Every structure is written in structure tokens, then in C-alpha cells.
Amino acid sequence: MNKKTGLGVLTAIILLGGIFTFQYLKFYDGKLHVVFCDVGQGDGIFIRTPAGKNFLVDAGPNEQITACVEKNTPFWDKKISFAILTHPHADHFTGFMSILDRYRVENFAVENIDNDSQGYENLQKAIGESGIKAQILSSGDQIRTEDGLRIRILGPTEEFINQVSPEHLINRSSEQATLILLVSFREFDVLLTGDTEKGQFLDNIRVHGVTNAEVMKVSHHGSKSGLTQEILNILNPQAAVISVGKNSYGHPSPLILDLLNTARIKTFRTDTHGDIEFVSDGYSWGKID
């Protein structure tokens, strides 16, 4: 090896070492990161635990979720410890196909409701062929990690599912059952609501005694059927996130925006703010600009 080649190799090693050190310090900071990804008209929430485990709640209607995950993980980390689907609608599950192509997913969970669409059948087939541990979540279940993350499943109950979807198929009634997740790290709480209707929402937080959430995802992309003043009075969130894109449904509803504004809750929208990230050490927290 001549001097010129040796200098080039040494420079490359130094640069690679610098990149590795920078990314390690950035992504292993001992804090909880919750990112509401801009996936258009859909939901996709990426969670990185204090010790660097990756969770994904919903994956949006397209491949945009992969760019969000890549941006919020070190280049060498290609593992999703837990993927959770709040309910089997295409604007929540389609992006999981691209995630399965690029990441090793260890666990996958969904509520006890199916979808007979071809897209969902393709996802189920891909999960089965990947050998992923699949499970059903419902009210009362919990997921915990050694670094202090706790995810409580507030709903739905099996009774509610049998009431609104007796065949256990989505789209069989105007009211849809969907997973509600309370993500907690020490004293910091984030409430993830999927497309929950206000009736299920209110019942579930009452049953589980939830009286506070620093950050709340506004249900169903800001639909008028997902939130009430009574719910806001109970939870008293300091920040609200609306995951929404261009749509023909009128989301978010002016009624909901007015409700949040009147309550003086700081509200962020993925269609105007892009990816929305919150970080916490379990006590203090803030939004990353």
C-alpha cells in the first residue's frame, strides 16, 4: 500500500468513525422520542425508547413511513422491536409492506378485527412468511421494556368489538373499534387514539382512570366524531397532534379545531408542520423544531 492509498484509507476510517460517533450520541441519548410522521392522509407514529428500541404504531397509506423511520434511527439499525396496527384500514396499514421489506420486525400486534380486502390479506401473508410473532391486543394488555417504556392498551374491549363488529370485520358499522394506546415514560404520557369514536374514547379513559396526557393524538385525523369537550376536560393535554393530509372528508373538522383553540391547546398538524417530534427524559419534555 503506497502512502497516498494509506492516507485515503485512514481518512475514510476517520470519517466513518465520526459519522458513527455523531449518530450514536444523537440516537442513544437516554430519552424517549415520539415522532408523528408526515405520511399524508393516514397515521404513522415512530417511537424510539431511551435505550434505542424502535416501535412503530401504524404505518400510513404509502411508503413515506420508511423515510421517517430512516431519519430517526442510526444507519446501522434495521430492527423494529414492536409494530402495532391500531385497526386494519389501508391508511394505517399499507406502509407496513415497505417496512417489512427494509426492516426486521420482531413483533406485530393488532386488535381482534380483520379486513377482507386484498391489501390486508397481502400484509397478513407477508407477516406470516417473515416468521414474525403476531398477537392480538385488547383493553388491559400492557407492553413494557427494560428501559422504562410502558404502553397500556385502553381499548377496545372484546365486548365493544362484538357490539360494533360482531363478525370481527372492519367496515361493518358506522362506529369502528380501534386500539387506544397510552405511551408512558416516567411522568410523561402520550395518548395514541387511532380512529377512535368519541363514545369508545370516553368509556376507555374512564374505565382505566386516565386523567392526564401531556400529548394527545387527535382521533381520526381530526374528524368531528372523535373528540368532545368532556374528553379534553378529563385529559387536559398540553399539546395535540392531528395526523392528516389532503383529503375529501373535510379533515380536520373546523369544529375540532375550534374546540382545541378555545381550550388553548397547542395544536400541530402533519400537513402543515411535517414530521412532529416530541422528546422527554420522563420529567421534562418538549417538541423538537
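Here we summarise the structure given alongside this text. Everything numeric in this text was worked out from a predicted model, so none of it was measured.

It is worth spelling out the nonpolar core at this point. One finds Phe36, Ile47, Leu192 and Phe278 to be the most contacted residues of the largest nonpolar core, which totals 28 residues. For Phe36, the residues in contact, after removing those within four places along its chain, are Gly44, Ile45, Val190, Leu192, Val215, Lys217, Val241, Thr270, Gly274, Asp275, Ile276 and Phe278. With 25 residues, the next largest nonpolar core counts Val69, Leu85, Tyr120 and Ile127 among its residues.

Moving on, we get to the side chain of Ser219. If you trace the backbone, Ser219 turns up in the loop between strand S13 (215-217) and helix H8 (229-235). Of the polar contacts made by the side chain of Ser219, one reaches the backbone oxygen of Thr196; its length is 2.4 Å. Other than its neighbours up to four places away in sequence, Ser219 contacts Thr193, Gly194, Asp195, Thr196 and Gly226.

With that out of the way, let us pick up the sheet that holds strand S3 (residues 54-57). Read from one edge to the other, the open sheet built from eight strands follows the order S8-S7-S5-S3-S2-S1-S16-S17, with strand pairing classed as mixed. Among the strands making up the open sheet, the edge pair consists of strand S8 (133-136) and strand S17 (285-288). Shown here is a sheet whose adjacent strand axes are inclined to one another by a mean of 20 degrees, direction ignored. Two strands pair when backbone bridges link them, and S3 and strand S5 (residues 82-85) are joined in this way by three bridges, in the parallel orientation. Bridging from a neighbouring strand, Phe55 pairs with Phe82 of S5.

Moving on: helix H7 (residues 198-207). Among the residues of H7, Gln200, Phe201, Leu202, Asn204 and Ile205 are the ones counted as buried. Packed against the buried residues of H7 are strand S10 (149-155), helix H6 (158-164), strand S11 (180-185), strand S12 (188-192), S13 and H8. Gly209 lies just past H7 and shows a positive phi near 65 degrees.

This brings us to the sheet that holds strand S14 (residues 239-242). Spatial strand order, S9-S10-S11-S12-S13-S14-S15: seven strands in an open sheet with mixed pairing. Every interior strand has two partners, whereas the edge strands, strand S9 (142-144) and strand S15 (266-269), have only one. For this sheet the average axis-to-axis angle between neighbouring strands, irrespective of direction, equals 15 degrees. For S11 and S12, the ladder comprises five bridges, and the chain directions are antiparallel. Note that in S12 the partner of Phe185 across the bridge is Phe188. Here H7 sits on the sheet and contacts S10, S11, S12 and S13; the angle it forms with S10, its principal contact strand, is near 125 degrees.

Okay, the environment of Asp281 next. When you line up the elements, Asp281 lands in the loop between strand S16 (276-280) and S17. You can call Asp281 partly exposed: its relative accessible area is 26%. Not counting chain neighbours up to four residues away, the residues in contact with Asp281 comprise Lys31, Phe185 and Arg186. Within the structure, Asp281 has its side chain in polar contact with the backbone nitrogen of Tyr283 (distance 2.8 Å).

So, how was this worked out
Residues numbered from 1 in each chain as written. Predicted model: local features only at pLDDT ≥ 70, side-chain atom pairs only at ≥ 80, totals over all residues. Heavy atoms only, no water. Core = buried A, V, L, I, M, F, W, Y, C linked by side-chain atoms within 4.5 Å. Buried < 20%, exposed > 50% of the residue type's maximum accessible area, 1.4 Å probe, protein only. Contact = heavy atoms within 4.5 Å. Helix = DSSP H or I, 4+ residues; strand = E, 2+ residues; numbered from the N terminus. Polar contact = N/O pair within 3.5 Å; in protein donor to acceptor, adjacent residues only side chain to side chain. Pairing = 2+ DSSP bridges. Axes fitted to C-alpha atoms, helices over the stretch in contact; angles between N-to-C directions.

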